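Letter by letter, the chains look like this.
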Amino acid sequence: MKSVDVRAKSTEELNDQLLQLKKEQFNLRFQRASGQLENTARVRVVRRDIARIKTILGERSRSAEAGK
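These numbers were taken from a predicted model, which means no experiment stands behind them. (Residues numbered from 1 in each chain as written. Predicted model: local features only at pLDDT ≥ 70, side-chain atom pairs only at ≥ 80, totals over all residues. Heavy atoms only, no water.)

## Focus on the packing of aromatic side chains
(1) Moving on: What the rule picks out here adds up to 1 aromatic pair.
(2) Moving on: Seen in terms of ring centroids, F26 and F30 are 4.9 Å apart; in terms of plane orientation they differ by 65 degrees. Their pairing is edge-to-face. Separated by 4 residues within a single helix, F26 and F30 lie in helix α2 (residues 11–34), roughly one turn from each other. (Phe/Tyr/Trp six-rings, centres within 6.5 Å; stacked < 30°, edge-to-face > 60°. Helix = DSSP H or I, 4+ residues; strand = E, 2+ residues; numbered from the N terminus.)

Here it is in structure tokens:
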């Protein structure tokens, strides 16, 4: 996922996607602990996508506060 794609989504969509990614991250941690994780690179991708979404949401909240 690229930051351009994230910026194009609404705040509600981003919150929903953030929730889905956190669930996936949780499941990937369990798979890694039990030795069932095949695609280890997915952990890194999910973690970075979560950070990307949180950054965009933070920017939006700060700009909304500045506009008040």
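## Observations regarding the packing of α2 against helix α3 (residues 41–66)
(1) Moving on: Closest axis-to-axis distance for the α2/α3 pair is 9 Å, and the angle between their directions is 155 degrees. By the criterion of interaxial angle, the relationship of α2 to α3 is roughly antiparallel. As α2 packs across α3, the resulting crossing turns out to be left-handed. On the side of α2, the interface is formed by T11, L14, N15, Q17, L18, L21, K22, E24, Q25, L28 and R32, while α3 contributes R42, V43, V46, R47, D49, I50, I53, K54, I56, L57 and R60. (Axes fitted to C-alpha atoms, helices over the stretch in contact; angles between N-to-C directions. Parallel < 35°, antiparallel > 145°, perpendicular 65-115°, else oblique. Left-handed = near helix turned anticlockwise from the far one by under 90°. Contact = heavy atoms within 4.5 Å.)

Keep in mind these numbers describe shape, not what the thing actually does.
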